[in-house]
Amino acid sequence: MQVIKLNQQQVQHLTAQPPLVLALGFFDGVHQGHQRVIQTARKIALQRHLPLAVMTFNRHASQLFQPQSPFRYLNTLDQKIKHMAALRVDRLYVTDFNRQFAGLAPADFVDQYLVGLNAQVVVAGFDYTFGQGGVNGMTDLARLGAGSFETVTVDRLANQQLKVSSTRIRGLIARG
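Rules used throughout
- Residues numbered from 1 in each chain as written.
- Predicted model: local features only at pLDDT ≥ 70, side-chain atom pairs only at ≥ 80, totals over all residues.
- Heavy atoms only, no water.
- Axes fitted to C-alpha atoms, helices over the stretch in contact; angles between N-to-C directions.
- Helix = DSSP H or I, 4+ residues; strand = E, 2+ residues; numbered from the N terminus.
- Left-handed = near helix turned anticlockwise from the far one by under 90°.
- Contact = heavy atoms within 4.5 Å.
- Nonpolar A, V, L, I, M, F, W, Y, C, P; charged D, E, K, R; others polar.
- Core = buried A, V, L, I, M, F, W, Y, C linked by side-chain atoms within 4.5 Å.
- Buried < 20%, exposed > 50% of the residue type's maximum accessible area, 1.4 Å probe, protein only.
- Phe/Tyr/Trp six-rings, centres within 6.5 Å; stacked < 30°, edge-to-face > 60°.
- Lys, Arg positive; Asp, Glu negative; His and termini not counted.
- Salt bridge = Lys/Arg side-chain N within 4 Å of Asp/Glu carboxyl O.

Between helix α6 (residues 106-115) and helix α7 (residues 138-145), the shortest axis-to-axis distance is 10 Å and the interhelical angle comes to 65 degrees. Seen along the crossing, α6 lies across α7 with a hand that is right-handed. Taking contact as the criterion, the partners of P106, A107, V110 and L114 in α6 are, on α7, L141, L144 and G145. Considered class by class, the residues forming the contact of α6 with α7 number six nonpolar, one polar and no charged.

Here is the structure:
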């Protein structure tokens with residue numbers, strides 16, 4: 001698996017990239033819900049004979065905006081990379097989540113990152129958000145990417161009627 005660290009300057013100077021299927025998410029813990037997103041992207045990549053790429057981030061957004069607040073990562077970045085390799089990801093993009101990235105307008109994120117990486121299909125969970133303030137979701141992604149790439153939204157995975165999520169897992173760990 002190829003691991004590529006990205007920042008906004010690198011993305012702005014990308015040369016022509018080969019087409020790919022791209023899964024988006026922070027993927028902390030790479031739990032069953034995350035695995036479902038990546039497996040969905042892998043299935044599409046195999047059907048289309050394209051490499052599978054995943055875009056994740058080097059830090060959680062809360063650590064940028066509330067650095068004094070404690071945050072428990074479920075995995076280190078190195079552990080996340082190992083999980084991605086085990087899921088047979090071809091290319092892992094680790095994006096620098098900094099103030100410049102966080103301030104990107106949604107259309108700029110789509111144009112610079114997703115179109116710039118030549119994503120043919122973008123796959124993410126139903127609750128994926130992006131762009132300045134993290135208020136844009138999959139409907140917005142489909143609208144902004146129309147004509148450039150397809151989007152696939154992976155539905156909620158539940159366990160005992162509760163969403164499988166990193167936040168829920170962190171809470172369960174905190175309660176012992």
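This brings us to the nonpolar core. Ranked by size, the top nonpolar core spans 28 residues in total, and within it L22, L24, M55, F109, Y113, L114 and L141 carry the most contacts. Elements with a minimum of two residues in this core: β2 (20-24), β3 (52-57), α5 (99-102), α6, β5 (119-125) and α7. A per-element tally of this core places α6 first, with four residues. Apart from the residues lying within four places of it in its own chain, the contact partners of L141 are L24, V110, L114, V122, F130, F149 and T151. In terms of nonpolar packing, the next biggest core, distinct from the first, is built from 21 residues, V37, A41, V54 and V89 among them.

Here the focus is the packing of aromatic side chains. Overall, the coordinates contain eight aromatic pairs when judged by the stated rule. Plain terms: the ring middles of F101 and Y113 are 5.2 Å apart, the flat faces sit at 85 degrees to each other, and that makes the pair edge-to-face. Remark: Y113 occurs in helix α6 and F101 occurs in helix α5; sequence separation between them is twelve residues. Each member of the pair F101 and Y113 is classed as buried. For the pair F109 and F130, a centre-to-centre distance of 5.6 Å together with 35 degrees between the ring planes defines the contact as tilted. One end of the pair, F109, is in helix α6; the other, F130, is in the loop between β5 and α7, and 21 residues separate them in sequence. Residue F109 is classed as buried on the basis of its relative accessible area of 3%. Members of the aromatic cluster, connected to one another through ring pairs, are F57, F97, F101, F109, Y113, Y128 and F130.

Moving on: the side chain of K80. Within the secondary structure layout, K80 lies in helix α4 (residues 77-86). For the buried K80, which has no salt bridge, the nearest side chain bearing the opposite charge is D28, at an N-O separation of 5.6 Å. Not counting the four nearest positions on each side in its chain, K80 is found in contact with F26, F27, V30, T56, F57 and N75.

Note that all results are geometric; they support no functional claim without further evidence.
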